[in-house]
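Breakdown of the fold
So the chains spell out like this:
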Number of protein chains: 2
Amino acid sequence: MLLDVICNLDFHFTPEDLQTALADQGCNMALTTIYRNLPSLENAGIIRRTTFMEEQERGASTYEHIWGKPHHDHLLCQNCGQKIEFQYDALEVLQEEVARQHGFTLLRHHMELVGLCPQCQESAP
Amino acid sequence: MLLDVICNLDFHFTPEDLQTALADQGCNMALTTIYRNLPSLENAGIIRRTTFMEEQERGASTYEHIWGKPHHDHLLCQNCGQKIEFQYDALEVLQEEVARQHGFTLLRHHMELVGLCPQCQESAP
DNA sequence: CTGTTATTGCTAATGATATGCAATACGTAG
DNA sequence: CTACGTATTGCATATCATTAGCAATAACAG
């Protein structure tokens, strides 16, 4: 049930969002239970915790489902909060390069680009 | 006093680290006060909050002082927790490029590369 | 059907951070 | 130097996300 709801959510969600979505499906699950299950789903590679530095002051952490999706990072509008997924291989290559320069083996990364989306540039220039 | 201690700390610190460091200097400051002052220092561009996705589960957020230092990102060893600062302009250029492709004006970014440092590669291969 | 184990919900603990408020330090005008 | 208004502090307490304890229930094997 939890899995099903997660896979039908299109974007970033908090544990509470999940609870609401579950309730909408007629399934009343305690928040505790959700919190207890999220780590398993994360380890299983079904969801990923994506807390944005930019928003993390106060508020629950967010997740997104990544099952079957290719790796991506996010572009975030500081004004409207809109999040855009992108994939840019050249960036990944350069990150590898940086790691190599320091003798590191790169395992993963967290990257978040913060700016103004086209609409917000117009409305607040 | 707070400022002085911060500038003498070489690396990432939590609010509690600050309290300890202050106490070492004979200055007993309540944690509350430290929490109240950190945002000002952050707005003033003296410190920057650098919570690592990789470590954030449980535990206080960390800051680093950036006053007078050039922009940099971090390479983090997942095994020993060692943090290395780096600067790699080509990466920044590509980030700009990604933003442009999506019509965004890039304001800043948060990037954290996670891997294994040279020492930890040997000891845990 | 019955005993065993895993999962749930509820309530209460935890830990980081924020807030209310009274006490104190500070800065300035006289 | 002194009196007063403002800003800063400490303390105790609140808040909020997350976790842990535990008893009740569901799932499941024999």
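Residues numbered from 1 in each chain as written. Chains lettered and ligands numbered in written order. Predicted model: local features only at pLDDT ≥ 70, side-chain atom pairs only at ≥ 80, totals over all residues. Heavy atoms only, no water.

1. Focus on the overall build of chain A
Operational definition: Under the DSSP-based scheme used, a helix requires at least four consecutive residues in state H or I and a strand at least two consecutive residues in state E, with every element numbered from the N terminus. Between buried and exposed lies partly exposed: a residue is buried under 20% and exposed over 50% of the maximum accessible area for its type, with that area taken using a 1.4 Å probe on protein chains only. Residues are treated as being in contact if the distance between any of their heavy atoms lies within 4.5 Å. Calculation of accessible area relied on Shrake-Rupley with a 1.4 Å probe; when residues are assessed, cover is drawn exclusively from the protein chains displayed. Residues scored as charged are limited to Lys and Arg (positive) and Asp and Glu (negative), so that His and the chain ends carry no count. The location of each charge is read from NZ of Lys, CZ of Arg, CG of Asp or CD of Glu.
Within chain A, the regular secondary structure consists of five helices and five strands. Going residue by residue from the N terminus, the α and β elements of chain A occur as α-α-α-β-β-β-β-α-β-α. C-alpha atoms of chain A, sized along the principal axes, occupy 50 × 45 × 25 Å. Considering chain A as a whole, with its 125 residues, one finds that 44% of them fall into the buried category. Long-range contacts, defined as pairs at least 24 residues apart, comprise 47% of the intrachain contacts of chain A with a sequence gap of at least 6. With the model as given, the accessible surface of chain A reaches about 6700 Å², and the carbon-plus-sulfur share is 49%. Between the centroid of the 8 positive side chains of chain A and the centroid of its 18 negative side chains there is a distance of 7 Å.

2. Some words on the pairing of strand β5 (residues 105-116) of chain A
Under the convention used in this document: Any two strands with at least two DSSP bridges between them are considered paired.
Extensive coverage of β5(A) is indicated by the burial of nine of its 12 residues. Here strand β3 (residues 73-77) of chain A runs beside β5(A); their pairing, made up of four bridges, is parallel. The residue of β5(A) that forms the bridge with C77(A) is G115(A). Taken together, the 11 bridges between β5(A) and strand β5 (residues 105-116) of chain B define a ladder with antiparallel strand orientation. In the strand pairing of β5(B), E112(A) is matched with H110(B).

Purely spatial values, then, with no claim about function.
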